[in-house]
Amino acid sequence: SDELDWLKETVPLEPVALADVLSRALDTLAPLVESSGATIDVRMSPGLPLLSVQVPSLRQALVSLVSAALHCAPVGCLSIAAHESPNGVNVSLRATAAWGATRQNSSEVADHLSIASQLVPLSGGSLEVDAAAPPDGSFRATLLLPAVAPITVLAIDDNADTVRLLHRYLTDTRFHLVSTCDPREALSMAESLLPHVVLLDVMLPDHDGWELLEQLREHPATARIPVIVCTILPQERLARLLGAADFLQKPVSRAVLLSALERQADQSLTESR
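These figures come from a predicted structure and were not determined experimentally. (Residues numbered from 1 in each chain as written. Predicted model: local features only at pLDDT ≥ 70, side-chain atom pairs only at ≥ 80, totals over all residues. Heavy atoms only, no water.)

Chemist: Would you take a moment to explain the pattern of salt bridges for this structure?
Modeler: Note on pairing: side chains with opposite charge can pair once their charged atoms come close. As enumerated under the stated definition, the model contains ten salt bridges in all. Of the charged contacts in the structure, one is a salt bridge between Asp-41 and Arg-43, with a shortest N-O distance of 2.9 Å. What makes Asp-41 partly exposed here is its relative accessible area of 29%. With a relative accessible area of 58%, Arg-43 lands in the exposed category. Here Glu-236 makes a salt bridge to Arg-240, at a shortest N to O gap of 3.0 Å. Residue Glu-236 and its partner Arg-240 are located together in helix α8 (residues 236-241), separated by four residues, close to a single helical turn. Exposure remark for Arg-240: the relative accessible area of 38% places this residue in the partly exposed category. Salt bridges sharing partners connect three or more residues here, namely Glu-236, Arg-240, Asp-246 and Arg-263. (Salt bridge = Lys/Arg side-chain N within 4 Å of Asp/Glu carboxyl O. Buried < 20%, exposed > 50% of the residue type's maximum accessible area, 1.4 Å probe, protein only. Helix = DSSP H or I, 4+ residues; strand = E, 2+ residues; numbered from the N terminus.)

Chemist: Explain the sheet that holds strand β6 (residues 126-130) to me, please; I cannot follow it from the model alone.
Modeler: The strands that make up a sheet pair up through hydrogen bonds in the backbone, lying either parallel or antiparallel. The strand order across the open sheet built from five strands is β2-β4-β5-β7-β6, with neighbouring strands paired in mixed fashion. Of all the strands in the sheet, just β2 (39-44) and β6 have a single pairing partner and so form its edges. Direction aside, neighbouring strands of the sheet carry axes that sit 10° apart on average. Where strand β5 (residues 88-96) meets strand β7 (residues 139-145), seven bridges bridge the pair, whose relative direction is antiparallel. Directly across from Val-91, in β7, lies its bridge partner Leu-143. Here helix α2 (residues 18-36) sits on the sheet in contact with β2, β4 (77-85), β5 and β7, set at roughly 175° to β2. (Pairing = 2+ DSSP bridges. Axes fitted to C-alpha atoms, helices over the stretch in contact; angles between N-to-C directions. Contact = heavy atoms within 4.5 Å.)

Right, here's the structure in full:
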């Protein structure tokens, strides 16, 4: 339809947690769930990666799928489970009707499934449904949704509290933080990991952080990796003259850190294509 074509062309893919999209969909469906007499059990594996999806399209697809399940298995139990797979995040919906319950209007089920089958591909996902109504009135559907490719950030900072703060800042984002408090191993780690971004504190014990910045810029394996200098020193001009891609003066807020990482990660990914 024209509206689906419009969605495909205008709504961007966004990083989002499955739990957030599903929670909002179930909030919308709460009156329908209550009136149907059904119960819903949600189980998600820990550490699921963020999805890369059209958020409004996926949310409506989930609303449509759960609506279909409630029609197929009234007064029953709907289980929703999610786990990471090699190709993204796998979401399964399983519903079984209560004994003696009557399956509701099959044309409504078909309408809900038709909408879901058109919306899911807008996010690059796939949908398989078995709503053939076996004797127990069950419903089975499986979604495969694309995950955000993780962006590796190497933090070089001798302050353990700062490193813990960075880990907290980057939780539930597309950034995967690897850190070292030992500047002597920093260059070899950068060479082996080849992170998308390096976050460097130049106030390092027994090692000159400025020299480390120059080594990162001069080493053939790491020369193209953007380095963000993050320090208490008011030395932005010096950092940039020595080759830093960006500069952050401590203390740094989560929003400022994420903004800087997004800029450098997007630039790094663009240049690597």
